Amino acid sequence: MKNEYQPKEAIIKKAMKETDDINTYWISFLNKKDQEDFWFEPGQFVQVGVPKLGEAPISISSSPHIESHFEITVREAGRVTKALAKMKKGDKVFIRGPFGKGWPKPQLDDHLVLVAGGIGLPAVKPLLDDFCHGYLQVKSLQTFYGTTHFDKLVCMRYFDLWRKETEVHITLDNQDPRWKADVGLITELIKKAKIYKDSKVFIIGPPVMYKFVIAEFLKKGVPEKNIFMSLERKMSCGVGVCQHCACGDKYTCKDGPVFRYDRVKDIPDII
Amino acid sequence: MTNREMEKLIKHFEDKGYMVHNFLHQAGKIPWHPFKDYFFPPKQQIFKYEKGKYIETLDNSKQVLLGVNVVDLKAFQLWDQVYARDPYYQARLKNTIIVGLSSAPKDKIAYKSFILSFGKDVLEHLRFDLFLCAPTKNNYHCYTGSEDGQKILDDLGYKDYEHINFIGPFHEGQLDKAAIDIREKLKNREVKKIWDDLGKRCIECGRCTYVCPCCYCFEITDDEKGNRYREWSNCFQHEFSEVAGDHKFIHSTAQRIFFYYYHKFVRDMDKYNMPGCVGCNRCSNACPVGIDINKVIKQIKES
């Protein structure tokens, strides 16, 4: 019987600093076959385990088309992520997953809009990567990314490529002499932008963000069924049993983390 | 089967390396303690890391549960579904002989609660290896429910038994209707007052979850030696929904008790076609502030 709780050994191939408390890791499985068999959808997550400390659920931030490794971007927040922050190339971690349902597969005639707040950006990065490298074809792609301070920006090394290939709006809540682009809340950016009424909108960010961002898109005439959001909850088992991530009649780890807005909007406290 | 023959049966189990948990003295009663520990210990090691390597730790010891009442047998059917793909639960199940017990004769086994009522054909809907009916002292009527059960009695040379064919866990009619009713009420109408009132009374001790034969929440924990465990947890713990950075998604007592009911009567019903409740009343008896599930369900039904 397949054991969903059995993690697989993996090695950190590369560790990169994003901000003072956020790091990106390239990870590949120790066993070659595990690496070959590892297939995921953008938006899915893995449980990253550190012996003696536990596991943390983290979204995969690389394209599934990269075969040699996968990438995660992690903020130091709890026991496991603090230990990860001290790790370097060659250190071992234990991986379970991928788990959950990712973003719906974008179609050729979609106008796709990605909205990310803070540490949410890495979870939509696989789509941006795929778009820039020709794996993802859509009619149009717009991205809105907002974070608090200049020093909290993640994935900066890709900004130039993304800006060249697609429409990317990035904003900071607070002004900074080093920042030449937009300042203000992400909702202001969306308000100003031209959005196709039949856009598909993918949203991920801190819990406080969803209501306001969704309201903007509804005002623009985007139907509820075109809005998808990836939710954060305490995912522990990853297979819809332990109940920690339950929300109404849904399990975030199994039915989500990506949910279609109209299907869950009536669940109390879901966002 | 006489008491003497029962002793022989017990010895037979012990000779084969089984640990016999004897509940025969509880005939006709629902004991205070549920049976879930025997499949799902409060703290169970699921593996360990040794020198940076994963090492499996399945518990393959053999046990007999001798004398499980019909209400708790019903609860096993929920577990069988929830943990159908769980190697740890399955390892316990594979190595456990379940012997059911009733103080009534087969055709007179009856139980009625707000969620579960048993009729005449109850044994055909329960999973067990052996079942004993003990209407009088020193006389057990024996039924078998599995090949394992038959083999045991054959090995023992005991012939006076009848085989009962398991025809699936679900009863038609009454039972399902009661559960569906509660689900629809909970899904379509969230009557805040019920939960606000309960939220004011509940002291979040979690006793209802420990004694519940259907509560199966857990969390995964590691210790400093590299052992990983699966431990019972319950939705009244404040850290139940807490993610890194101290953010919680469930904030109030009212939300916690709503979560408890919603899990049992909506999420479990949706996924397993049976509620996470068999109407055993253990939670009502265990609650230090007197919250009675019968009354709560009545309020939900009348909402």
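Please read all numbers here as calculations on a predicted model, not as lab measurements.

Colleague: I'd like to hear about the overall build of chain A, residue by residue, with values.
Modeller: Secondary structure assignment for chain A yields seven helices and 15 strands. Its C-alpha radius of gyration of 18 Å places chain A within 12% of the 18 Å reference for a compact globule of 271 residues. Seen along its three principal axes, the alpha-carbon backbone of chain A occupies a region of about 50 × 45 × 35 Å. For chain A, with 271 residues in total, the buried portion stands at 58%. In chain A, 68% of the contacts between residues at least 6 apart in sequence involve partners at least 24 apart. Of the roughly 11800 Å² of accessible surface on chain A, 51% is carried by carbon and sulfur atoms.

Colleague: Kindly report on the pairing of strand S2 (residues 43–50) of chain B, identifying the contributing residues and their values.
Modeller: One face of the sheet, then the other: side chains in a regular strand alternate in exactly this way. All names here are of chain B. Alignment of S2 against strand S12 (residues 227–232), held across five bridges, turns out to be antiparallel. Paired with Gln45 across the two strands is Tyr229, which belongs to S12. Pairing of S2 with strand S3 (residues 53–56), which is carried by four bridges, proceeds in the antiparallel orientation. Residue pairing in the sheet places Glu50 in a bridge with Lys53 of S3.

Colleague: Could you give an account of the interface of chain A and chain B, with specific residues and numbers?
Modeller: Contacts between chain A and chain B engage 40 residues on the former and 47 residues on the latter. Taken together, both faces of the contact between chain A and chain B bury some 3400 Å²; the carbon and sulfur share is 57%. When the shortest N-O distance is used, the salt bridge between Glu55(A) and Arg228(B) registers 3.0 Å. Our count for the contact surface shared by chain A and chain B stands at 16 residue pairs in polar contact (both at pLDDT 80 or more).

Colleague: Which residues make up the sheet that holds strand S9 (residues 139–144) of chain B, and what values go with them?
Modeller: Residues and elements named next belong to chain B. With respect to topology, six strands assemble into an open sheet ordered S1-S4-S5-S8-S9-S10, the strand pairing being mixed. Two strands bound the open sheet, and with one partner strand each, they are strand S1 (19–22) and strand S10 (161–163). When strand polarity is set aside, the average angle formed by the axes of neighbouring strands in this sheet is 20 degrees. Bridging between S9 and S10 involves three bridges; their strand directions are parallel. Residue Tyr143 lies in a different strand from S10, and its bridge partner there is Glu162. Those strands touched by helix H1 (residues 3–15) are S1, strand S4 (63–68), strand S5 (96–102), strand S8 (130–136) and S9, and its axis lies near 145 degrees from that of S1.

Colleague: Tell me about the sheet that holds strand S15 (residues 258–260) of chain A, residues and numbers included.
Modeller: Whenever strands of a sheet pair, they do so through backbone hydrogen bonds, lying parallel or antiparallel. Residue and element names in this part refer to chain A. Strand order across the open sheet formed by seven strands is S10-S9-S8-S7-S11-S12-S15, with mixed pairing between neighbours. Looking at which strands have only one partner, the edges of the open sheet turn out to be strand S10 (182–183) and S15. In this structure, strand S7 (residues 111–117) lies alongside strand S11 (residues 200–204), joined through five bridges in parallel fashion. Opposite Leu114, over in S11, you have Phe202 as the bridge partner. Along the sheet face, helix H3 (residues 121–132) touches S7, strand S8 (140–147) and S11 and points at about 145 degrees away from the line of S7.

Colleague: Can you break down the domain arrangement of chain A residue by residue, with the values?
Modeller: All names here are of chain A. What the domain assignment reports for chain A is domain 1 (8–98) and domain 2 (111–264). A straight line from the C-alpha centre of domain 1 to that of domain 2 covers 21 Å. Taken together, the 24 residues of domain 1 in the interface contact 23 residues of domain 2. At the surface where domain 1 touches domain 2, the tally comes to four salt bridges. Notably, a salt bridge pairs Lys152 with Asp20, separated by 3.1 Å at the nearest N-O pair. Scanning the region where domain 1 abuts domain 2 turns up 11 residue pairs in polar contact (both at pLDDT 80 or more).

Colleague: Break down the pattern of salt bridges for me, with residues and values.
Modeller: Under the counting rule described, the total for this entry stands at 40 salt bridges over all chains. Residues Glu216(A) and Lys219(A) are paired through a salt bridge, measuring 3.4 Å at the closest nitrogen-oxygen approach. Of this pair, Glu216(A) and Lys219(A) both sit in helix H6 (residues 209–219), three residues apart, which is roughly one turn of the helix. When its relative accessible area of 63% is taken as the criterion, Lys219(A) is described as exposed. Across the pair Asp270(B) and Lys187(B) runs a salt bridge whose closest N-O atoms are separated by 3.1 Å. Here Lys187(B) lies in helix H5 (residues 174–188) and Asp270(B) lies in helix H8 (residues 253–272), a separation of 83 residues in the sequence. On the accessibility criterion, Lys187(B) (33% relative accessible area) is partly exposed. Because the salt bridges share partners, they merge into one network encompassing Asp249(A), Lys250(A), Arg183(B), Glu184(B), Lys187(B) and Asp270(B).

Colleague: Describe the nonpolar core, and please don't skip the residues or the numbers.
Modeller: If you look at the biggest cluster of nonpolar residues, it comprises 93 residues, and the most contacted ones within it are Trp195(B), Tyr261(B) and Phe265(B). The element contributing the most residues to this core is H8(B), with 11 residues. Ignoring sequence-local partners within four residues, the contact set of Trp195(B) consists of Leu186(B), Ala254(B), Ile257(B), Phe258(B), Tyr261(B), Val296(B) and Ile300(B). Listed in part, the 55 residues of the second largest apolar core include Val138(A), Val201(A), Ile214(A) and Ile227(A).

Colleague: Could you give an account of the packing of aromatic side chains, with specific residues and numbers?
Modeller: Here the structure, examined in full by the defined rule, presents 39 aromatic pairs over all chains. With 5.0 Å between their ring centres and 35 degrees between their planes, Phe40(B) and Tyr83(B) make a pair best called tilted. Of this pair, Phe40(B) sits in the loop between S1 and S2 while Tyr83(B) sits in the loop between helix H2 (70–82) and helix H3 (87–94), and the two are 43 residues apart along the sequence. When sorted by exposure, Phe40(B) lands in the same class as Tyr83(B), which is buried. A network of ring pairs unites the aromatic residues Tyr5(A), Phe39(B), Phe40(B), Phe76(B), Trp79(B), Tyr83(B), Tyr88(B), Tyr89(B), Tyr216(B) and Phe218(B) as a single cluster. In this structure, Lys62(B) packs its charged tip against the face of Tyr18(B), placed 4.8 Å from the ring centre. Above the plane of the ring of Phe259(B) lies Arg267(B), whose end atom (NZ or CZ) is 4.4 Å from the centre.

Colleague: Outline the side chain of Thr19(A), listing residues and values.
Modeller: Counting through the fold element by element, Thr19(A) comes out in the loop between strand S1 (8–17) and strand S2 (22–29). For Thr19(A), the residues in contact, after removing those within four places along its chain, are Asp151(A), Lys152(A), Leu153(A) and Val154(A).

Thresholds applied
- Residue indices begin from 1 for each chain and proceed along its sequence in written order.
- All chains are assigned letters beginning at A, and all ligands numbers beginning at 1, according to the order in which they are written.
- Selection of residues for local features in this predicted model requires a pLDDT of at least 70, selection of side-chain atom pairs for listing and counting requires 80 or more, and totals for whole chains, interfaces and linings are taken over all residues.
- Hydrogens and waters are ignored; side-chain quantities use all the structure's heavy atoms.
- Helix and strand assignments follow DSSP, with helices taken as H or I runs no shorter than four residues and strands as E runs no shorter than two, numbered in order from the N terminus.
- Radius of gyration: C-alpha atoms only; globule rule: 2.2 Å multiplied by the number of residues to the exponent 0.38.
- Relative accessibility under 20% of the residue-type maximum defines a buried residue, over 50% an exposed one, and the middle range a partly exposed one, all with a 1.4 Å probe and only protein chains included.
- Whether two residues are in contact is decided by their heavy atoms, any of which lying within 4.5 Å being enough.
- Per-residue accessibility takes into account occlusion by the displayed protein chains alone, with areas from the Shrake-Rupley method and a 1.4 Å probe.
- When DSSP finds two or more bridges between two strands, those strands count as paired.
- Buried area, as used here, totals the accessible surface that two parts lose on assembly, with accessibility defined by a 1.4 Å probe and the loss added over both.
- Salt bridge, as applied in this entry: a Lys or Arg side-chain nitrogen positioned within 4 Å of an Asp or Glu carboxyl oxygen.
- Whenever two N or O atoms come within 3.5 Å, that pair is a polar contact, provided that in protein one can donate a hydrogen and the other can accept it, and provided that, for residues adjacent in sequence, both atoms are side-chain atoms.
- Simply put, an axis is a line fit to the C-alpha atoms, just over the touching stretch for a helix, and the angle between two N-to-C directions goes from 0 to 180 degrees.
- Note that domain bounds follow an automatic or database assignment of domains.
- Nonpolar cores were defined as sets of buried Ala, Val, Leu, Ile, Met, Phe, Trp, Tyr and Cys residues, with membership established by side-chain atoms within 4.5 Å.
- Stacked, edge-to-face and tilted are the three classes for Phe, Tyr and Trp ring pairs, Trp counted by its six-membered ring, which pair at centre distances within 6.5 Å; planes under 30 degrees apart are stacked, over 60 edge-to-face, the rest tilted.
- Lysine and arginine charges are scored as sitting over a ring when NZ or CZ, respectively, is within 6 Å of the ring centre and within 35 degrees of the ring normal.

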